[in-house]
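The lines below spell out each chain.
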Amino acid sequence: MIDSIIAKIKGILLDPVETFLQSKDEEPKAVLTYYAVLVIINSLFYTIMSIVGLNPPSDTIPGSGNIFFIFGFAVFSSLILAVLFVAWLHVWVYILGGRKGIFQTAKTFVYAGTPYFLLGWLPYIGFIFLIWSFILSVLGIRDLHEISIARAGVALAIAIVVPIVLLVILAIVLFASYMALVNIA
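Parameters at a glance
Residues numbered from 1 in each chain as written. Predicted model: local features only at pLDDT ≥ 70, side-chain atom pairs only at ≥ 80, totals over all residues. Heavy atoms only, no water. UniProt positions renumbered as here; feature names shortened; annotations may be inferred. Helix = DSSP H or I, 4+ residues; strand = E, 2+ residues; numbered from the N terminus. Polar contact = N/O pair within 3.5 Å; in protein donor to acceptor, adjacent residues only side chain to side chain. Contact = heavy atoms within 4.5 Å. Buried < 20%, exposed > 50% of the residue type's maximum accessible area, 1.4 Å probe, protein only. Phe/Tyr/Trp six-rings, centres within 6.5 Å; stacked < 30°, edge-to-face > 60°. Lys NZ or Arg CZ within 6 Å of the ring centre and 35° of its normal.

- Going by an unreviewed UniProt entry, the protein chain carries the name Yip1 domain-containing protein and comes from Methanolacinia petrolearia.
- Of the comments in the UniProt record for the protein chain, the one headed Subcellular location (unreviewed entry) reads "Membrane".

Here you go:
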């Protein structure tokens, strides 16, 4: 099991296209096990960074200074956000022609996220691994859904940009509401 996970990590990092193509018929158990390992590694490093002060926990959340809380929150949020993002991404993949099923989208998310989950926690350079994962996601969607690279890129871009725009709009509305309340009082 460990050998297959290490081989998959090497494949994604060194030959992602071939690794995506080989994973087309993989069973959910293998993909979920791989994802669980990535989440645990990422959560562990996130927790360590929080303890040493490079990723300070929020003082506004009760228990956020507790090492077990930080680790548990990292694991739980990774799982919940993954499910939500995969479903959201799949909507756009489907709209743009990907008809191979949501599990292929989930595989793309899991395998393409490898660089970010393994090294994205590094201060100052973590964004590089996020960009690498974005590029791998486009390749994975293209290969596993058998659509053009342009359609794959557009699907991923929309899935990322729309929530960001909505969050910015929400922040502006909340800020404007707050300012209106402050001016009234």
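## Observations regarding the side chain of histidine 145
And then number 1: Among the secondary structure elements, histidine 145 is positioned in helix α7 (residues 126-145).
And then number 2: A distance of 2.8 Å separates a polar atom in the side chain of histidine 145 from a polar atom in the side chain of threonine 105.
And then number 3: With near-sequence residues (within four places) excluded, histidine 145 lies in contact with His90, Val93, Gly98, Arg99, Lys100, Gly101, Gln104, Thr105 and Gly140.

## Observations regarding the UniProt feature "transmembrane region" (unreviewed entry) in the protein chain
And then number 1: With numbering aligned to this structure, UniProt lists the feature "transmembrane region" (unreviewed entry) at residues 32-55, 67-96, 116-141 and 153-181.
And then number 2: Spanning residues 67-96, this segment combines 97% helix with 0% strand, and its end C-alpha atoms are found 43 Å apart.
And then number 3: Between the first and last C-alpha atoms of residues 116-141 the distance is 17 Å; the span itself is 77% helix and 0% strand.

## Overview of unusual backbone geometry
And then number 1: Despite not being glycine, tyrosine 124 has its phi angle at roughly 75°, a positive value.
And then number 2: Here tyrosine 124 is to be found in the loop between α6 (114-119) and α7.
And then number 3: For tyrosine 124, a relative accessible area of 78% gives the class exposed.
And then number 4: Although it is not a glycine, glutamate 146 adopts a positive phi angle of roughly 55°.
And then number 5: Within the secondary structure layout, glutamate 146 lies in the loop between α7 and α8 (149-184).

## Remarks on the packing of aromatic side chains
Aromatic ring pairs are described here by two measures, namely the spacing of the ring centres and the angle between the planes.
And then number 1: One pass over the full model with this rule turns up 9 aromatic pairs.
And then number 2: When the ring of phenylalanine 85 is compared with that of phenylalanine 109, the centres are 6.0 Å apart and the planes differ by 50°; the resulting orientation is tilted. Of this pair, phenylalanine 85 sits in helix α4 (residues 67-95) while phenylalanine 109 sits in helix α5 (residues 102-112), placing them 24 residues apart in sequence.
And then number 3: In this structure phenylalanine 85 comes out as partly exposed when scored by relative accessible area, which is 22%.
And then number 4: On the basis of an interplanar angle of 65° and a centroid distance of 6.2 Å, the ring pair of tyrosine 116 and phenylalanine 117 is categorised as edge-to-face.
And then number 5: With relative accessibility at 34%, the residue tyrosine 116 sits in the partly exposed group.
And then number 6: Given a relative accessible area of 9%, phenylalanine 117 falls into the buried group.
And then number 7: Over the face of the ring belonging to tyrosine 94 we find arginine 99, whose NZ or CZ atom lies 3.8 Å from the ring centre.

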